[in-house]
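# Fold and contact review
Letter by letter, the chains look like this.
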Amino acid sequence: MKARILDGKKLALTMQGELANDVNRFVDQHRIRPGLATILVGENHPGRLYVKNKIRACEAVGIHSVHRELSGKCSTQDIVEVIHRLNQDPTVHGILIQLPLPKHLDEDTIIETVNPMKDVDGFGPASLGLLAAGRPRYLACTPYGVMQLLARHDISTVGKHVVVVGRSNIVGKPLALILVQKGIDATVSVCHSRTSNVANFTRQADIVVMAIGQAEFLRANMIKPGAVVIDVGMNRRADNSWTGDVAFAEVAEVASAITPVPGGVGPMTITMLLYNTLQAARLHQAQVKI
Ligand code: NDP
């Protein structure tokens, strides 16, 4: 294998160690502990394990967490009421709603009910709007994690052509908005399911980010030699193991750097959620002082 492995698991541990120190300092200074609320809707939610991991990660860095669970038969109004209570709760600085929600619920209304100051997931309309305006408050956790993986491995984005494949509100779109910010200075192409010939774009990229949820879609002949490849995709194989959107073994022969799945972007997403929660507590504290 020629490519350098961008080890998200290792980096996440390092960053969570740094964050634990920052959280301690914050608690010493302000006598309050950053708090995250998680909301899970539905008995057999596919994200149950993610929520458990997020709660465990909170504990590891000293962030207080509360968890609310609602039946899969609840109404939009039931969730809105839970969110209203958490919006009012001064011990909760961030609110995370584990997606996807059951189909009968109004996802937009639910996401928009979260106080924008507590939108630590960073993909509510206020957070996305501020980012688009060049004044980001919270970066969506997965794109934020991708940026940290690049920065902490000294991979510059300045003047680079970055091709983002996928345009969801939680990954592709906010990532593209981050990459075009001044100071990050990438030239960005965004591909989606209606793009004709995705390979025409990925072959021109200095950095390719795959976020489509299609197992091993990106093949070695779809990148240029030496490209950096970031794989956001998480796809279950028949044997229950995970694979990304990248055919890892063959692409690693051509790329200069690549993230594994699992152990690449996933652990970074959780880490950046913790960072955003501390940031939310800092912003809350700054408002209290005014
Ligand atoms: P969505 O299903 O919301 O979006 C998928 C995007 O990919 C859409 O924009 C879609 O296009 C595009 N797409 C689908 N098929 C193709 C194709 N063949 N060619 C080009 N574009 C295509 O997914 P998410 O953004 O939520 O997640 C993407 C992947 O990332 C999933 O595997 C998910 O599990 C994973 N993920 C991983 C995270 C992590 O922490 N590692 C966090 C979040 C997600 P269109 O808009 O036209 O439909």
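Residues numbered from 1 in each chain as written. Predicted model: local features only at pLDDT ≥ 70, side-chain atom pairs only at ≥ 80, totals over all residues. Heavy atoms only, no water.

### Structural notes on the site of the ligand
Spelled out, the test is: Think of it this way: one heavy atom of a residue within 4 Å of a molecule or strand is enough to make that residue near it. Each polar contact in these results corresponds to two N or O atoms within 3.5 Å; when the atoms are within protein, one needs to be able to donate a hydrogen and the other to accept it, and residues that are neighboring in sequence are counted only if both atoms are side-chain atoms. Calculation of accessible area relied on Shrake-Rupley with a 1.4 Å probe; when residues are assessed, cover is drawn exclusively from the protein chains displayed.
Taken together, 22 residues lie around the ligand, and Arg167, Ser168, Ser193, Met234 and Thr269 are the ones closest in. A distance of 2.7 Å separates an oxygen atom of the ligand from a polar atom in the side chain of Arg167. Within the backbone of His192, a nitrogen or oxygen atom sits 3.4 Å from a nitrogen atom of the ligand. Against a free-state accessible area of 920 Å², the protein chains account for coverage of 70% of the ligand.

### Examining the pattern of salt bridges
If charged atoms from side chains of opposite charge come close, those side chains can pair. Here is the rule: Between Lys or Arg on one side and Asp or Glu on the other, a salt bridge is scored when a side-chain nitrogen of the former is within 4 Å of a carboxyl oxygen of the latter. Runs of E in the DSSP output that reach at least two residues are strands. Runs of H or I that reach at least four are helices, and both are numbered from the N terminus. Exposure classes here rest on a 1.4 Å probe applied to the protein chains alone. A residue is buried below 20% of its type maximum, exposed above 50%, and partly exposed in between.
What the rule picks out here adds up to six salt bridges. The residue Arg25 makes a salt bridge to Asp22 at a minimum N-O spacing of 2.7 Å. Here Arg25 and its partner Asp22 are both found in helix α1 (residues 8-30), three residues apart, which amounts to about one turn of the helix. Taking the relative accessible area as the measure of exposure, Arg25 reaches 51% and is therefore exposed. A salt bridge links Glu250 to Arg219; the nearest nitrogen and oxygen atoms lie 2.8 Å apart. Residue Glu250 is located in helix α9 (residues 248-251), and its partner Arg219 is located in the loop between β7 (207-210) and β8 (228-231); the two are separated by 31 residues in the primary sequence. A residue is classified by how much of its surface remains accessible, and Glu250, at 29% relative accessible area, is partly exposed.

### Topic: the domain arrangement of the protein
Size of an interface, as often reported, equals the accessible area lost when the parts are brought together. For clarity, the threshold we go by: Note that the domain bounds were set by an automatic or database domain assignment.
Its domain assignment divides the protein into domain 1 (32-115) and domain 2 (141-266). One C-alpha centre belongs to domain 1, the other to domain 2; they are set 28 Å apart.

### Concerning the sheet that holds strand β2 (residues 35-41)
Condition: Two strands pair if DSSP finds at least two bridges between them. Helix axes are fitted only over the stretch in contact, all axes being lines through C-alpha atoms; the angle between N-to-C directions runs from 0 to 180 degrees. What makes two residues a contact is simply this: any of their non-hydrogen atoms within 4.5 Å.
An order of β3-β2-β4 is seen for the three strands of this open sheet, with the pairing classed as parallel. The open sheet has two edge strands with one neighbour each: β3 (64-70) and β4 (94-97). Ignoring strand direction, the axes of neighbouring strands in this sheet form an average angle of 20°. The sheet contact formed by β2 and β4 spans four bridges and is parallel. Opposite Leu36, over in β4, you have Gly94 as the bridge partner. Lying over the sheet, helix α3 (residues 76-88) contacts β2, β3 and β4, oriented at roughly 165° with respect to β3.

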